[in-house]
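# An overview of the molecular structure
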Amino acid sequence: MSETLQLPQTTDRVAVYSALYPQVRELLNDEHDLIAAMANVSAALRQAFSWHWIGFYRVMGAELVLGPFQGPVACSRIGHGKGVCGTAWADEKTLIVADVDKFPGHIACSPLSKSEIVVPIRDRSGRIAAVLDIDSEHMDDFNEVDAHALGRICTLLEPLFE
Ligand code: SME
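Owing to the predicted nature of the structure, the values given are computational and were not obtained by experimental measurement.

In terms of burial, strand β5 (residues 115-122) is largely enclosed, as seven of its eight residues are buried. Note: strand β4 (residues 95-97) against β5, three bridges, orientation antiparallel. Counterpart to L95 in the pairing with β5 is V118. With eight bridges connecting them, β5 and strand β6 (residues 128-136) associate as antiparallel partners. Bridging from a neighbouring strand, R122 pairs with I128 of β6. Where β5 folds back onto β6 in an antiparallel hairpin, the turn is made up of five residues, including G126, whose phi is positive at roughly 95°.

In the region of the ligand, 13 residues are neighbours, and V84, C85, I107, E116 and D135 sit closest. With respect to the ligand, the backbone of C85 contributes an N or O atom lying 2.7 Å from an oxygen atom. With respect to the ligand, the side chain of D135 contributes an N or O atom lying 2.6 Å from an oxygen atom. Coverage of the ligand by the protein chains reaches 99% of its 300 Å² of free accessible surface.

Looking at where E158 falls in the secondary structure, it is placed in the segment after α4 (144-155). Each C-alpha atom of the pair E158 and A130 lies 9.5 Å from the other, and the pair is 28 residues apart in sequence.

Turning our attention to helix α1 (residues 13-28). With 16 residues, α1 should cover 22 Å at 1.5 Å per step; its first-to-last C-alpha distance of 21 Å lies within 8% of that length. The sharpest bend along α1 comes to roughly 25°, located at L20, with the proline P22 sitting one to four residues further on. Buried residues along α1 sit in contact with α2 (34-49) and α4. Just beyond α1, the residue with positive phi is D30, at close to 70°.

In this section: the nonpolar core. One finds L20, L45, L132, I134 and L157 to be the most contacted residues of the largest nonpolar core, which totals 35 residues. Going through the elements one at a time, α1, α2, β1 (53-60), β5, β6 and α4 are the ones with two or more residues in this core. When residues in this core are grouped by element, the largest group, eight residues, is from α2. With sequence-adjacent residues up to four places away left out, L20 is seen in contact with L5, L7, A44, L45, A48, F49 and I153. I78, V84, A88 and V131 belong to the second largest nonpolar core, which has 15 residues in total.

Take the sheet that holds β6 next. Across a sheet, paired strands are connected by hydrogen bonds in the backbone, their directions being either parallel or antiparallel. Here we have six strands laid out as an open sheet, ordered β3-β2-β1-β6-β5-β4, and antiparallel in their pairing. Either end of the sheet is taken by a strand with one partner, and the two such strands are β3 (77-79) and β4. Neighbour-to-neighbour, the strand axes of the sheet open up by a mean angle of 25°, direction not taken into account. Two elements, strand β2 (residues 63-70) and β3, share three bridges in a ladder whose sense is antiparallel. Note on β3: the bridge partner recorded for E63 is G79.

Scoring rules and cut-offs
- Residues numbered from 1 in each chain as written.
- Predicted model: local features only at pLDDT ≥ 70, side-chain atom pairs only at ≥ 80, totals over all residues.
- Heavy atoms only, no water.
- Buried < 20%, exposed > 50% of the residue type's maximum accessible area, 1.4 Å probe, protein only.
- Helix = DSSP H or I, 4+ residues; strand = E, 2+ residues; numbered from the N terminus.
- Pairing = 2+ DSSP bridges.
- Near = heavy atom within 4 Å.
- Polar contact = N/O pair within 3.5 Å; in protein donor to acceptor, adjacent residues only side chain to side chain.
- Areas by Shrake-Rupley, 256 points an atom, 1.4 Å probe, with all protein chains shown as cover.
- Expected span 1.5 Å × (residues − 1).
- Bend = angle between axes of the 7 residues up to and from the residue.
- Contact = heavy atoms within 4.5 Å.
- Core = buried A, V, L, I, M, F, W, Y, C linked by side-chain atoms within 4.5 Å.
- Axes fitted to C-alpha atoms, helices over the stretch in contact; angles between N-to-C directions.

In structure tokens, the structure reads:
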């Protein structure tokens, strides 16, 4: 396959997600390594949307451990129930935070992050095995369109967990 993404030049996120999803699916086709897949998904999302930070944390014991990401350096470990990521893990649901300063216990890895979405990813047995964390420099940058589209993209990773 081609490793070049074809993305529409528009700010319409629905249109960008529609173009992106089949290309990410193709990119992951025949790739069995989870890290390689996460690395390309974070790069594809970065290319499509230019958000401040896009990356994965994997569940390892009682913590989330930093995985492939695009953006500035970030905290490498997050406890269960801590911050937005740890809360999405504990609650087993996607969290959209319009203003990170109003989220109790938010872990401020970068002062530039203003809003955030965290999507939990399940393994084949249904357990939360990782989260996708995206931070924006803009307030209130995520909504249900993102939750749905990012959830679909994350579902492509589920078969790759042990
Ligand atoms: N904001 C996250 C911490 C991770 S960094 O943003 C990359 C949180 O509160 O869970």
